[in-house]
Amino acid sequence: MSAIVEHLGLSGEELLTTTRAVRRRLDFERPVPRDVLRACVALALQAPSGSHKFPIQFVIVTDEERRAALGDAYRRAYAVYRESAGYIGKVRREDPEADAQQQRTARSADHLSQKLHRAPAIVLACGLGRVDDEPLHRHTNLLASVHPPTWSFMLAARLHGLGTCWTGVSLADEAETAAIVGIPIDRVTIGALTPVAYTLGTDFRPARRPAPEDVIHWDAW
């Protein structure tokens, strides 16, 4: 584990404040070794898991044809998302600087929709089980054992000089995405998808975010 941490020489605070959603600065020409991806998964598995069951499963896609198919599925889903009310580019901010950042992020997301297939690896984070018709807390509990290790995977990737970008857009048609890589959708839930590639430069900075006072409710709402 120490070798991973030492790769970029980042402190814990630097790691947490500079792990960005990377879209435009993914290096599509440089392959990512399997050993590096395996090391990221090893660190991800240190994340907590409900009832100590570890339902998390990673499907790491490096095959060119499957990446192309995942990219096609993503573009189709993104086209529908782009027309929806929830599209990132339709969110407006009152502060001009914040609104400019919002629109830059939207353009970045648009860029990824056209380039996803070029990432050397596409990772799907999955959970063993389906809870479609069960109470909401069952959905929450399953994903609570998928999302923490997924984020840990992304932090580990950053330490290795890799970029990631959490997206759930293609999950609007989860069955299509699952079919491309043979995920048994009747008993496995896809929780997230991310491209993985080395980044063009490693000099990422903290992003503009709300102040703690804007999101904290002390003792009660």
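Residues numbered from 1 in each chain as written. Predicted model: local features only at pLDDT ≥ 70, side-chain atom pairs only at ≥ 80, totals over all residues. Heavy atoms only, no water.

Engineer: Run through the packing of helix α4 (residues 64-82) against helix α5 (residues 96-115), naming residues and quoting values.
Structural biologist: Running from N to C, α4 and α5 point in directions that differ by 150 degrees, and their axes come no closer than 8 Å. It follows from the interaxial angle that α4 and α5 lie roughly antiparallel. Only Ala106, Ala109, Asp110, Leu112, Ser113 and Gln114 of α5 make contact with α4, whose side of the interface consists of Tyr74, Arg75, Tyr78 and Arg82. Taken together, the residues that form the contact of α4 with α5 break down as five nonpolar, two polar and three charged. (Axes fitted to C-alpha atoms, helices over the stretch in contact; angles between N-to-C directions. Helix = DSSP H or I, 4+ residues; strand = E, 2+ residues; numbered from the N terminus. Parallel < 35°, antiparallel > 145°, perpendicular 65-115°, else oblique. Contact = heavy atoms within 4.5 Å. Nonpolar A, V, L, I, M, F, W, Y, C, P; charged D, E, K, R; others polar.)

Engineer: Describe the side chain of arginine 20, listing the residues and the values that go with them.
Structural biologist: Note on placement: arginine 20 falls in the loop between α2 (12-18) and α3 (34-44). Buried within the structure, arginine 20 lacks any salt-bridge partner; glutamate 13 is the closest side chain of opposite charge, at an N-O distance of 12 Å. Within the structure, arginine 20 has its side chain in polar contact with the backbone oxygen of threonine 17 (distance 2.7 Å). (Buried < 20%, exposed > 50% of the residue type's maximum accessible area, 1.4 Å probe, protein only. Lys, Arg positive; Asp, Glu negative; His and termini not counted. Salt bridge = Lys/Arg side-chain N within 4 Å of Asp/Glu carboxyl O. Polar contact = N/O pair within 3.5 Å; in protein donor to acceptor, adjacent residues only side chain to side chain.)

Engineer: Residue-level account of the layout of surface pockets, with values.
Structural biologist: The computed volume of the largest pocket comes to approximately 1,100 Å³. Taken together, 24 residues line the largest pocket, and the ones lying closest to its centre are Arg20, Gln101, Arg104, Thr105 and Ala207. For the lining of the largest pocket, the class distribution of residues is eight nonpolar, four polar and twelve charged. Approximately 250 Å³ is the volume attributed to the second largest pocket. Lining the second largest pocket are Gly50, Ser51, Lys53, Pro55, Leu128, Gly129, Arg130, Val131, Arg138, Asn141, Leu142 and Ser145. Examining the composition of the lining of the second largest pocket, we find that three residues originate from one element, helix α6 (residues 136-143), more than from any other. Split into classes, the residues belonging to the lining of the second largest pocket amount to four nonpolar, five polar and three charged. (1 Å grid on protein atoms, 1.4 Å probe; cavity = no way out; pocket = protein on both sides within 12 Å on 5 of 7 lines; lining within 4 Å. Points joined across faces, edges and corners; volume = space filled by probe spheres on them.)

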